[in-house]
Protein chains: 2
Amino acid sequence: MKRKVTLKQIAKELDVSISTVSRALSNSKEIGEETRQKIQAFAKFYNYKPNNIALSLKNRKTKTIGILIPEIVHHFFSTVIRGIEIIANQRGYNVIIGLSNESFSKEVINMEMLANGSIDGFILSISKETLLHQDYHHFKETISQGIPIVMFDRVVNDIDCDKVIVDDYNGSVNAVKKLISTGCKNIALITTMDYVSVGKLRTQGYLQALEESKIHPKASLILKLDDSLALEEHLDVLEKEIEQFFMNNEKIDGLFAVNELYAVTAMKVARKLNLNIPEDIQVIGFTDGVLSKHARPSLTTISQHGQKIGEQAAHLLIDRLELDDEEDDIEEVDFERDMNFKTVVIETELIERDSTK
Amino acid sequence: MKRKVTLKQIAKELDVSISTVSRALSNSKEIGEETRQKIQAFAKFYNYKPNNIALSLKNRKTKTIGILIPEIVHHFFSTVIRGIEIIANQRGYNVIIGLSNESFSKEVINMEMLANGSIDGFILSISKETLLHQDYHHFKETISQGIPIVMFDRVVNDIDCDKVIVDDYNGSVNAVKKLISTGCKNIALITTMDYVSVGKLRTQGYLQALEESKIHPKASLILKLDDSLALEEHLDVLEKEIEQFFMNNEKIDGLFAVNELYAVTAMKVARKLNLNIPEDIQVIGFTDGVLSKHARPSLTTISQHGQKIGEQAAHLLIDRLELDDEEDDIEEVDFERDMNFKTVVIETELIERDSTK
DNA sequence: TGTTAACACGCAAACGTTTTCGTTGAGAAT
DNA sequence: ATTCTCAACGAAAACGTTTGCGTGTTAACA
């Protein structure tokens, strides 16, 4: 087992000083041609690579970004990660991942863990529990320590950071408009509780589309489901809830669901009730995952472009990190800095498949 | 922006030495009661947390493990990550993720990048390209540098490391036996090219099950697909290939597919050809993902227990890392060490749903 | 009173880098 | 002969920790 070779060892072996080795390897012209060649050859032979940790300590930056998400077995989130990773790698960064599992305390723990020097900045999506408690002190503290954050998808307004969000509102408006334009008169909505910001926005979009078409929304056409029902374990409960909902609203001819699972389950129920899709009832779901593509019939969805979100978030974060670098040199302009936080909106796209006319 | 406070700053502020602060915070009894209280109070007030990078440098271990996988937008892999993350967190480790995107060079680059001090050990699944080239020098080099590796799912034999594998062979045997026992006479197989070890094993299992039942395998009943067809982009091509396959083999009454996508697509084709599932043809797929659960009819699958795989892999790696710690102290027994690499086999489970009788 | 032990703390090395600021020697300029 | 100027290199600090060892003070002991 040959341990990694260090500058010190090379220096000793070649009977020069550490600084000479360091300079020779960085092609400094302060070092004589001959010595430089010798050192470089030796280093190459022993496959010298500078130790990242030592570099991190010296430069006070790790070149890694921390990703903090609620769940990883999830099409949308993993797509975002892929986007982040691509850009991060391109720009010389690594990614380290923390999972909150939708829990507030795990989010805090993970954050503190990584904030102690392990990462240069965060890209995160807030856990449901945090959103429910509305306790954002950990974000604020992290930021006040000089660690920038970029939030995506699930964001809150009162935090000073860059954000990348999906245009949930307009996406929903368009989806529902599509249903209206294809003749739906009684459009139902299956959504989540309001504290999840995206659920709220999608609900608002639904209402807006109805209003624009002078359709009066009916409370009975809106089904708000507890989030735990989204868990794969409670599939049967979810199914029954939706079935009950259908029974209570016999005239439903259009359905908009705020996620894929709700939509697909609703289709299953519709079929059970002998409703034909899209003839009797049209369905549109939010999030374009693998389910939508392979459902029967394939599901018309609103794509969120998760990868693009990740890429944008990564760019925003790294831009800010490298901007901070320059500011460190100049050492001024502290006042105007909080002004220019951006919020990038990623447009959604309606992907039409067989569940709509 | 208040930067994180360091030992040095505390020492200066309280007019003691750095060592005193360090010891006071670790509750050393070498420090007087009064001083200790004072320092601890001060540290708590300023929310002192030791800098991970500095600790890593000093201890020569980072308490992070590197995960290297071909793809993250993938149910199985993300499940494994979840398993790893859970155990890692429990045992005080972080995880850093690298994506090879099934490319050899990206795998090598990522590996070298992380091996330079960023991580203590790897958990990885080999990329297809690497498997194809059969070039494993980067694994060997990493290991020879004293960085342990745990491979999962896609493994190769001639590398000295712990492994966690799925019982692909027996899983397949059982699946095909199930088909036989429910009356299938002409069982087809849809698989991948042989260089992906798991595909090969699953094919062997299929053959074994046939043989045990004295059924002669027919080459015409085996469809080997190029891997690129697994990509979501080529769905239509995949569909046509399978349709052609069905046309050529009219008597197929059972089908075993080595992944979910093949199975679901085959069901789609079967339906198109007016075959009823499971009456006319039964289908079983490998990998229990979200598709299987929501397909119509729901798909009988072989579950790989991805999370369990991740958990096991994490335990194996961390056990070895902490065992290495002790050996560093003792400084001996270098010879017997390569003997005790474990290969843990995670049993599969046949999850029966509606695509089989 | 002199010796000693316990106590409470500081110094400095070490982890592996980069970089600033010397220092040395030789040849050129005065 | 003396000063100056480079070229070529080394020493040491710094990043933030931990820890072995040294040291000064005090109190207890003979």
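This text follows the structure it describes.
Residues numbered from 1 in each chain as written. Chains lettered and ligands numbered in written order. Predicted model: local features only at pLDDT ≥ 70, side-chain atom pairs only at ≥ 80, totals over all residues. Heavy atoms only, no water.

Caption draft 1: Representation of the interface of chain A and chain B in the model. Across the contact, 58 residues belong to chain A and 58 residues belong to chain B. Each partner contributes to the roughly 5,400 Å² buried at the junction of chain A and chain B, and carbon and sulfur atoms together form 54% of this total. Our count for the contact surface shared by chain A and chain B stands at four salt bridges. Counting the contacts that link chain A with chain B gives 13 residue pairs in polar contact (both at pLDDT 80 or more). Elements that contribute at least two residues to the side of chain A that touches chain B include exactly helix H4 (52-59), helix H5 (75-90), strand E2 (94-99), helix H6 (104-115), helix H12 (260-272) and helix H13 (290-294) of chain A. It is H5(A) that provides the largest number of residues to the side of chain A that touches chain B, a total of seven residues. Residues that form the side of chain A that touches chain B fall into these classes: 21 nonpolar, 21 polar and 16 charged. As paired strands, E2(A) and strand E2 (residues 94-99) of chain B are joined by three bridges and run antiparallel to one another. Its bridge partner being in E2(B), Ile96(A) is matched across the sheet by Ile96(B). (Contact = heavy atoms within 4.5 Å. Buried area = accessible area lost by both parts, 1.4 Å probe. Salt bridge = Lys/Arg side-chain N within 4 Å of Asp/Glu carboxyl O. Polar contact = N/O pair within 3.5 Å; in protein donor to acceptor, adjacent residues only side chain to side chain. Helix = DSSP H or I, 4+ residues; strand = E, 2+ residues; numbered from the N terminus. Nonpolar A, V, L, I, M, F, W, Y, C, P; charged D, E, K, R; others polar. Pairing = 2+ DSSP bridges.)

Caption draft 2: Inspection of the relation of the copies chain A and chain B at higher detail. Laying chain A over chain B is done by rotating through 180 degrees and shifting 0.0 Å along the axis; what remains is an RMSD of 0.1 Å. The transformation just described matches what one would write down for a two-fold rotation axis. When each C-alpha of chain A is compared by its distance to the rotation axis, Ile96(A) comes out closest, at 2.0 Å. Of the interface residues in chain A, 100% have counterparts in chain B that sit at the interface too, so the contact is made through matching surfaces. (Least-squares fit on C-alpha atoms with pLDDT ≥ 70 in both.)

Caption draft 3: Representation of the environment of His74(B) within the structure. You can see His74(B) is positioned in the loop between strand E1 (64-69) and helix H5 (75-90). What makes His74(B) partly exposed here is its relative accessible area of 35%. (Buried < 20%, exposed > 50% of the residue type's maximum accessible area, 1.4 Å probe, protein only.)

Caption draft 4: A look at helix H9 (residues 168-181) of chain B. Residues and elements named next belong to chain B. The first and last C-alpha atoms of H9 sit 20 Å apart over 14 residues, in line with the 20 Å expected at 1.5 Å per residue. Among all positions in H9, only Asp168, Gly171, Ser172, Val173, Ala175, Val176, Lys178, Leu179 and Ile180 are buried. With its phi angle positive at about 100 degrees, glycine 183 sits one or two positions after the end of H9. (Expected span 1.5 Å × (residues − 1).)

Caption draft 5: Structural detail: H5(A). All names here are of chain A. The terminal C-alpha atoms of H5, which comprises 16 residues, lie 23 Å apart, in line with the 22 Å expected from a rise of 1.5 Å per residue. Within the sequence span of H5, burial applies to Phe76, Phe77, Ser78, Thr79, Val80, Ile81, Gly83, Ile84, Glu85, Ile87 and Ala88. Positioned one or two residues after H5, glycine 92 has a phi angle of 80 degrees, which is positive.

Caption draft 6: Structural detail: the packing of aromatic side chains. Summed over all chains, the structure comprises 14 aromatic pairs over all chains. Aromatic pair Phe76(B) and Phe77(B): ring centres 5.5 Å apart, planes at 50 degrees, arrangement tilted. For the residue pair Phe76(B) and Phe77(B), the accessibility class agrees, reading buried in each case. For the ring pair Phe77(B) and Phe152(B), a centre distance of 6.1 Å and an interplane angle of 70 degrees mean the geometry is edge-to-face. Of this pair, Phe77(B) sits in helix H5 while Phe152(B) sits in strand E4 (residues 149-152), and the two are 75 residues apart along the sequence. Residue class for Phe152(B) comes out buried when judged on its relative accessible area of 0%. Taken together, Phe42(A), Phe45(A) and Tyr46(A) form an aromatic cluster joined through their ring pairs. Over the face of the ring belonging to Phe286(A) we find Arg202(A), whose NZ or CZ atom lies 3.7 Å from the ring centre. (Phe/Tyr/Trp six-rings, centres within 6.5 Å; stacked < 30°, edge-to-face > 60°. Lys NZ or Arg CZ within 6 Å of the ring centre and 35° of its normal.)

Caption draft 7: Structural context of the protein's contact with DNA strand D. DNA strand D sits among 27 residues. The nearest are Thr20(A), Arg23(A), Glu30(A), Gly32(A) and Arg23(B). Each atom of DNA strand D within 4 Å of the protein was assigned to sugar, phosphate or base; sugar and phosphate come to 56%. Here Ser17(A) contributes a backbone N or O atom positioned 2.8 Å from a phosphate oxygen of DNA strand D. With respect to DNA strand D, the backbone of Gly32(A) contributes an N or O atom lying 2.5 Å from a phosphate oxygen. Of the residues forming the surface near DNA strand D, the biggest block, four residues, is contributed by helix H2 (residues 18-25) of chain B. Per-class residue counts for the surface near DNA strand D are nine nonpolar, nine polar and nine charged. (Near = heavy atom within 4 Å.)

Caption draft 8: Quick look at the sheet that holds strand E3 (residues 121-124) of chain A. Strands sit in the order E11(A)-E5(A)-E4(A)-E3(A)-E1(A)-E2(A)-E2(B)-E1(B)-E3(B)-E4(B)-E5(B)-E11(B) across an open sheet of twelve strands; the sheet is mixed. Lying at the two open borders of the sheet, with one neighbouring strand each, are strand E11 (343-346) of chain A together with strand E11 (343-346) of chain B. Put simply, the sheet's adjacent strands are angled 20 degrees from each other on average, direction ignored. Strand direction decides the pairing type here: strand E1 (residues 64-69) of chain A and E3(A), joined by four bridges, are parallel. Within E3(A), the residue paired with Ile65(A) across the bridge is Gly121(A). (Axes fitted to C-alpha atoms, helices over the stretch in contact; angles between N-to-C directions.)

Caption draft 9: Just the pairing of strand E6 (residues 187-192) of chain A, in detail. All names here are of chain A. Buried residues dominate E6, accounting for six of its six residues. Here E6 shows two buried faces, one formed by Ile187, Leu189 and Thr191 and the other by Ala188, Ile190 and Thr192. Bridging between E6 and strand E8 (residues 254-257) involves four bridges; their strand directions are parallel. Counterpart to isoleucine 187 in the pairing with E8 is glycine 254. Sheet topology note: the E6/strand E7 (residues 222-225) ladder contains four bridges and is parallel. The residue of E7 that forms the bridge with threonine 191 is lysine 224. You can see the chain leave E6, run along helix H10 (residues 197-212) and come back into E7, and the turn it takes is right-handed. (Right-handed = clockwise from strand over helix to strand, strands pointing away.)

Purely geometric numbers; function is a separate question.
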